[in-house]
Amino acid sequence: HMQTQVTVLVQGDVVALRTVGRGGWHLTKALADSFHLSTDEAQRGKHKEAFVEATGRAAQFDDQREVSEALKAAMQPTIRALRQAFQAVFVERHVAVSRILLTGGGSRLRNLDSHLAACLQVQVSRFFDVDNPLPVTWPAALQPADDDGVSLLATTASLAVAISQMSKGSTA
């Protein structure tokens with residue numbers, strides 16, 4: 001994906017929607033460029049083995065460290081854009097973002113949640129790591145078996161989170 005979608009909820013109300021002009025494709029491109037791979041090879045590797053080093057979760061091999069460094073460098077513009085989006089929401093709505101729920105294919109990147117939490121100083125969880133994040137049972141067709149399933153799930157989950165949180169009255 002070329003973009004990252006951000007939805008900010010306050011007590012169940014969607015108060016801000018932002019689109020960050022960077023997404024998983026930029027991470028794939030960084031891996032392809034860094035390791036002289038085709039984008040298809042980089043995409044497969046990203047989904048299968050890539051991870052980001054985080055506090056307490058260090059690389060075990062030099063190759064892993066190099067992958068992590070390439071991904072961290074590629075994520076810097078996204079992290080900067082997320083900070084700016086969060087600051088804009090604070091200025092416009094007087095709301096501080098306190099947690100992030102990752103959905104979509106990028107959420108499968110190992111340790112991304114820990115890395116983002118350290119960089120953004122907020123609680124970060126992956127959708128599938130949260131005990132019953134939504135009061136629904138997901139059909140097998142929506143489980144993240146492949147990129148298309150992940151894309152469908154990301155869209156469905158984002159909408160469902162917004163709807164669920166609106167009915168629960170949760171904070172941002």
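Please refer to the structure placed before this passage.
First things first, this report covers the structure right here in the doc. What you see is a predicted model; the values in this text were computed from it and never measured. By convention here, each chain's residues receive numbers from 1 onward along its written sequence. Side-chain atom pairs in this predicted model are given and counted only at pLDDT of 80 or more, local residue features only at pLDDT of at least 70, and totals for whole chains, interfaces and linings cover all residues. Neither water nor hydrogens contribute to the side-chain values; these are computed over all heavy atoms in the structure.

## Observations regarding the overall build of the protein
Assigned secondary structure in the protein consists of 5 helices and 4 strands. Comment: elements are numbered from the N terminus, with helices defined as DSSP H or I runs of at least four residues and strands as E runs of at least two. Ordered by position in the sequence, the α and β elements of the protein form the string β-β-α-α-α-β-α-β-α. With 172 residues in all, the protein has 40% of them scored as buried. By sequence separation, contacts in the protein at least 24 residues apart represent 57% of the contacts at least 6 residues apart. Accessible area for the protein stands at about 10,000 Å²; split by element, carbon and sulfur atoms hold 52% of it. Only protein chains enter the accessibility calculation, which uses a 1.4 Å probe; a residue whose area is less than 20% of its type maximum is buried, one above 50% is exposed, and one in between is partly exposed. In this description, contact between two residues means that some pair of their heavy atoms is separated by no more than 4.5 Å. Reported accessibility uses the Shrake-Rupley method at a 1.4 Å probe radius. Residues are deemed covered only where the shown protein chains occlude them.

## Concerning the packing of helix α3 (residues 62–93) against helix α4 (residues 112–120)
As a rule, the C-alpha atoms of each element are fitted with a line to give its axis, helices using only the stretch in contact, and angles between N-to-C directions run from 0 to 180 degrees. Packing of α3 against α4 leaves a shortest axis separation of 11 Å and a crossing angle of 50°. Relative to α4, α3 is oriented oblique. Crossing angle aside, the handedness with which α3 passes α4 is right-handed. Residues K72, M75, I79, L82, R83 and F86 of α3 lie in contact with α4, whose contacting residues are L112, H115, L116, C119 and L120. Put simply, Ala, Val, Leu, Ile, Met, Phe, Trp, Tyr, Cys and Pro go in the nonpolar bin, Asp, Glu, Lys and Arg in the charged bin, and everything else, Gly too, in the polar bin. Taken together, the residues of the contact of α3 with α4 break down into 8 nonpolar, 1 polar and 2 charged. Any angle that falls under 35 degrees is termed roughly parallel, while one over 145 is termed roughly antiparallel, one within 65 to 115 roughly perpendicular, and all others oblique. Helix crossings get a hand from a simple test, with the near helix turned counterclockwise from the far one by less than a right angle marking a left-handed crossing and a clockwise turn marking a right-handed one.

## Structural notes on the nonpolar core
Grouping buried Ala, Val, Leu, Ile, Met, Phe, Trp, Tyr and Cys residues that are joined through side-chain atoms within 4.5 Å yields what is termed a nonpolar core. Core analysis: the biggest nonpolar cluster contains 32 residues, and V8, L71 and L120 have the highest contact counts within it. Those elements giving two or more residues to this core turn out to be β1 (4–10), β2 (13–20), α1 (24–35), α3, β3 (99–102) and α4. Per element, the largest residue contribution to this core is 9 residues, and it comes from α3. With near-sequence residues (within four places) excluded, L71 lies in contact with L27, L31, A50, F51, V52 and L109.

## Observations regarding the packing of α1 against α3
Between α1 and α3, the shortest axis-to-axis distance is 9 Å and the interhelical angle comes to 135°. Relative to α3, the element α1 lies oblique. Where α1 crosses over α3, the two elements pack in a sense that is right-handed. Within the contact between the two elements, α1 uses H26, L27, A30, L31, S34 and F35 and α3 uses E66, V67, A70, L71, A74 and M75. Partitioning the contact of α1 with α3 into residue classes produces 9 nonpolar, 2 polar and 1 charged.

## Examining the pattern of salt bridges
Here, a salt bridge means any side-chain nitrogen of Lys or Arg that lies within 4 Å of a carboxyl oxygen of Asp or Glu. By the definition in use, this model includes 3 salt bridges. Across the salt bridge formed by D33 and K29, the nearest N and O atoms sit 3.0 Å from each other. Taken together, the residues D33 and K29, both in helix α1 and 4 residues apart, mark about one turn of the helix. Classification of K29 by relative accessible area gives partly exposed; the value is 32%. Close ionic contact of R65 with D62 constitutes a salt bridge, the shortest N to O distance being 3.1 Å. Taken together, the positions of R65 and D62, both in helix α3 and 3 residues apart, correspond to about one turn of that helix. On the accessibility criterion, R65 (30% relative accessible area) is partly exposed.

## So, the environment of S114
Following the sequence through the fold, S114 ends up in helix α4. Taking the C-alpha atoms as reference points, S114 and G56, 58 residues apart in sequence, are found 9.5 Å from one another. Residues within four places of S114 in sequence aside, it is in contact with A54 and R57.

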